[in-house]
Each structure stands twice: as C-alpha cells, then as structure tokens.
Amino acid sequence: MSTPSPTPPPRLPLDCDPGHDDAIAIVVAARHTDLLGITTVAGNAPLERTTRNAIIIRDLLGIDVPVHTGAARPLVAEPKHADYVHGESGMDGADLPEPSGPPASTDAVGFIIDTCRAEEGVWLVPTGPLTNIALALRAAPDLADRIAGISLMGGGTFGNRTATAEFNIWADPEAAAAVFEYGGPLVMCGLQLTHTFQATPERIQRVRDIPGRLAGVLADLFEFFSGTYVSRHDNLRGAPVHDPCAVLALTHPQLFETYEAHVAVETRGRHTRGMTVIDQRRLLERPTSNCTVVDRIDADAGFAVIDEAIAHFSR
Ligand code: RIB
Ligand code: CA
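Right, let's walk through the structure included here. Treat the numbers as computed from the prediction; the structure is a model and nothing was measured.

Along the chain, the regular secondary structure elements total 13 helices and 12 strands. Along the first, second and third principal axes, the C-alpha set of the chain runs to 55 × 45 × 40 Å. Across the 315 residues in the chain, those meeting the buried criterion constitute 60%. Partitioning the contacts of the chain with sequence separation of at least 6, the portion at a separation of at least 24 is 80%.

Here's what the structure looks like:
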C-alpha cells in the first residue's frame, strides 16, 4: 500500500523552484511528510514565478502550509533559468487558478533557520538550486548539528544543462559546494536515478483517470513537461520526474538502492563547473563518504505512491 506508513513522518520544509516536477514533490510531501513550510528559490523560473507556482499548487492541495520566498539569484553565478523545459511561467501547460494571496514572508532563510532551531531532527529537502540552504547554513552553522540531514535532488553521474552538470547544481555551484561540505547526513538523488523514473504516456494516463481537478491539472503539467523532454532526447518516453525522488527517498526508502561515496562539487572547471564529482573508485582506503547516493528506484512502485497522493487531494 502507498498510504503513509505508521512510523512518524519526516518533518521538513520543502525548498523548491516550481517547476513541473517540484509540483509533484509538493504533492508527495503534503501526503507523506509533516510539511512545515514551502520555501521558494529562483531556478526553473525567476523567483516571483516559482513563488506564484508554489502558492497555486499549495492552494490546489487545500493544505494550510506557509510559502516563504527566498533567494532571487545565486550566491555568485549570474541568474539562469530553464524556460526551455518548464516554459515562461515555470509551470506551462495547464489551466491554473490565480494564487490565493501573497507569500507568508520574503524571508525563506530565516524561516528555515527558525524551523530547524525550534526542534531537532528536521530534514531539509531542496529540489532546486541550493542558494537558500547555503545561506541558512552560513547564517546559522549550528543547523548542521541540529537537522536530521539534507535530501536533495541534484547532480548525478552525468549532466543535463551541460554534459557534466545537472541544472540545480549548475545554477549555483558555490551554494552546492557549501551544502556538500556541510558535514551532516546528505542524500543525493541525481540524474542517473531520475532518468529511470519517467512520466511515460501510460503513467500520465493513470493520473488523468483520477477524478477531480487536481489530477487533471497535474496530468496536463506532466504532458507539457514530457513533451519538452521527449522532443529533445532520443532515449526518453517521458520526462524524468526528478524532484519527488528527494522526498520519496525519506518517506519510502524501501523503493531505492543507494551507496555511500565522497561527492565534491566542481566550481572552477571550464567544462565541468557545476559537476558533482562522485568518487566511485573501489579503493580499500577510500575517501570518507559525505553522501548517500541514491542509485536505483522501483519506478512502478514510486508512481503508485504519486498516484495515491494525487487521488488523496484531488476532488
Ligand atoms: O535537473 C533537474 C532539476 O532542475 C529539477 O529540480 C527541475 O525541477 C529543475 O529544477
Ligand atoms: Ca526543481
């Protein structure tokens, strides 16, 4: 069954840049975690658009969760977006309602810090560029010892924005380097995982068959998202549904295979800036691991969790 497990759900703010797949991460987090808040960052689209999109998805779910806006630009890099994948709005392809109101605050970093200081054992789950997370860790180094860990979507053994760099890392490599060096538990859901978790036509149809407005909107978003990926790749039958993996890795660990490794973020390479350098050497004396690399997923079971979560909120 894919309904919430009896063990206490992870408590977390979701940091995101909606983004079609971020929207699905919000749905899964709302269903299977104690979702303390949603923080937004510039990434797939400018901050005002990712924030608007986060509020719209929150409203469609009918949940009482605050949205706080964060960084409008990376720590050092020039702002870059992904409208070629997500469209001008950051979430093109569906008839969306207007947002119900403004964000709760413009201080996502302060919200993250306060949330992690209010109680120990909070997870940070970023599914966009890591700017907000890096700023929070810089402003409050005590968070590293207070949080349960960071489960992120990003990086991988190959790139998508460049041959070597995945978008979330590439968009703000300095922030990513700070996160990968923070010293606490780190879970990385990278492209070698997410490209096996595709929104195929059959899976999109199953979402469309779910009654209610939310399911119809999400099916339309999946159609658009998959259209941009399938039209640009010769090996995909649907869009890799990247972001919910970072949530599912915490809520449904039994669906995944992982390994431990040292992972560093390249910030200077002419061809490799934004690359996650995963040390896969089988040395007897290997560098100390700083990361749990999520490597495989039971994709059918993972989509069953997504379908159930959508059905739970769709009416
Ligand atoms: O490279 C995939 C990542 O970039 C996902 O988080 C997607 O939403 C975009 O932000
Ligand atoms: Ca994202």
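Following the structure, the description resumes.
Now for the coordination of the calcium ion (ligand 2). Distances from the calcium ion (ligand 2) to its protein donors, Asp17 (OD), Asp22 (OD), Asp22 (OD), Thr127 (O) and Asp243 (OD), fall within 2.2 to 2.6 Å. Between consecutive donor residues of the calcium ion (ligand 2), the sequence gaps follow D-x4-D-x104-T-x115-D. In this pair, aspartate 17 sits in the loop between strand 1 (11–16) and helix 1 (20–32) while aspartate 243 sits in the loop between strand 8 (239–240) and helix 12 (244–251), placing the two residues 226 residues apart along the sequence. Take aspartate 17 and aspartate 243: they sit in the same class, and that class is buried.

Every one of the 13 residues lining ligand 1 counts as a neighbour, but Asp21, Thr127, Asn160, Glu166 and Asp243 are closest to it. Within the side chain of asparagine 160, a nitrogen or oxygen atom sits 2.8 Å from an oxygen atom of ligand 1. Only helix 1 and helix 7 (167–171) provide two or more residues apiece to the shell around ligand 1. In terms of residue class, the shell around ligand 1 is made up of 2 nonpolar, 6 polar and 5 charged.

Further remarks concern the nonpolar core. Counting residues in hydrophobic clusters, the biggest one holds 61 residues, and the most contacted among them are Leu14, Leu35, Leu61, Phe197 and Ile310. Examining the composition of this core, we find that 8 residues originate from one element, helix 1, more than from any other. Those residues in contact with phenylalanine 197 that sit more than four places away from it in its chain are Ala239, Pro240, Val241, Cys245, Leu248, Ile297, Ala299, Gly302, Phe303 and Ile306. One finds Ile113, Val122, Leu137 and Ile147 within the second-largest nonpolar core, a separate group that totals 33 residues.

For the structure shown, the criterion picks out 16 salt bridges. We note a salt bridge from glutamate 257 to arginine 296, for which the minimum N-O separation is 3.7 Å. Pair noted here: glutamate 257 is in strand 9 (residues 256–261) and arginine 296 is in strand 12 (residues 291–297), with a separation of 39 residues, a long-range link. For glutamate 257, a relative accessible area of 49% gives the class partly exposed. Note that arginine 281 is salt-bridged to aspartate 279, the shortest N-O span being 2.5 Å. A network of salt bridges, in which partner residues are shared, links Arg11, Asp34 and Glu119.

Under the definition given, this model contains 4 aromatic pairs. Pairing phenylalanine 167 with tryptophan 170 gives two aromatic rings, centres 6.1 Å apart and planes at 35°, and the pair type is tilted. Taken together, the residues span about one helical turn, with phenylalanine 167 and tryptophan 170 both in helix 7 at a distance of 3 residues. The same class applies to phenylalanine 167 and to tryptophan 170, which are both buried. Where phenylalanine 225 meets tyrosine 229, the ring centres are 5.3 Å apart and the plane angle is 85°; that geometry is what we call edge-to-face. Residue phenylalanine 225 and its partner tyrosine 229 are located together in helix 11 (residues 213–230), separated by 4 residues, close to a single helical turn. Judged on exposure class, the residue phenylalanine 225 and its partner tyrosine 229 are both buried.

Before going further, it helps to spend a moment on the packing of helix 4 (residues 108–118) against helix 5 (residues 131–139). Remark: helix 4 packs on helix 5, axes separated minimally by 9 Å, with the N-to-C direction vectors making an angle of 55°. Taken together, the axes of helix 4 and helix 5 lie oblique to each other. Judged by the twist between their axes, the crossing of helix 4 over helix 5 is right-handed. Contacts between helix 4 and helix 5 involve Ala108, Val109, Ile112 and Ile113 from the first element and Asn132, Ile133, Leu135, Ala136 and Ala139 from the second. Across the contact of helix 4 with helix 5, the residue classes tally to 8 nonpolar, 1 polar and no charged.

Let us now look at the packing of helix 1 against helix 13 (residues 299–313). Contact geometry for helix 1 and helix 13: axes closest at 9 Å, N-to-C directions at 75°. Accordingly, the angle class assigned to the pair helix 1 and helix 13 is roughly perpendicular. Residues Ile24, Val27, Val28, Ala30, Arg31 and His32 of helix 1 pack against Val305, Ile306, Glu308, Ala309, Ile310, His312 and Phe313 of helix 13. A class-by-class count of the residues in the contact of helix 1 with helix 13 yields 9 nonpolar, 2 polar and 2 charged.

Quick notes on the rules
- Residues numbered from 1 in each chain as written.
- Chains lettered and ligands numbered in written order.
- Predicted model: local features only at pLDDT ≥ 70, side-chain atom pairs only at ≥ 80, totals over all residues.
- Heavy atoms only, no water.
- Helix = DSSP H or I, 4+ residues; strand = E, 2+ residues; numbered from the N terminus.
- Buried < 20%, exposed > 50% of the residue type's maximum accessible area, 1.4 Å probe, protein only.
- Contact = heavy atoms within 4.5 Å.
- Donors = N, O, S within 2.8 Å, 3.2 Å for Na, K, Ca; no water.
- Near = heavy atom within 4 Å.
- Polar contact = N/O pair within 3.5 Å; in protein donor to acceptor, adjacent residues only side chain to side chain.
- Nonpolar A, V, L, I, M, F, W, Y, C, P; charged D, E, K, R; others polar.
- Core = buried A, V, L, I, M, F, W, Y, C linked by side-chain atoms within 4.5 Å.
- Salt bridge = Lys/Arg side-chain N within 4 Å of Asp/Glu carboxyl O.
- Phe/Tyr/Trp six-rings, centres within 6.5 Å; stacked < 30°, edge-to-face > 60°.
- Axes fitted to C-alpha atoms, helices over the stretch in contact; angles between N-to-C directions.
- Parallel < 35°, antiparallel > 145°, perpendicular 65-115°, else oblique.
- Left-handed = near helix turned anticlockwise from the far one by under 90°.

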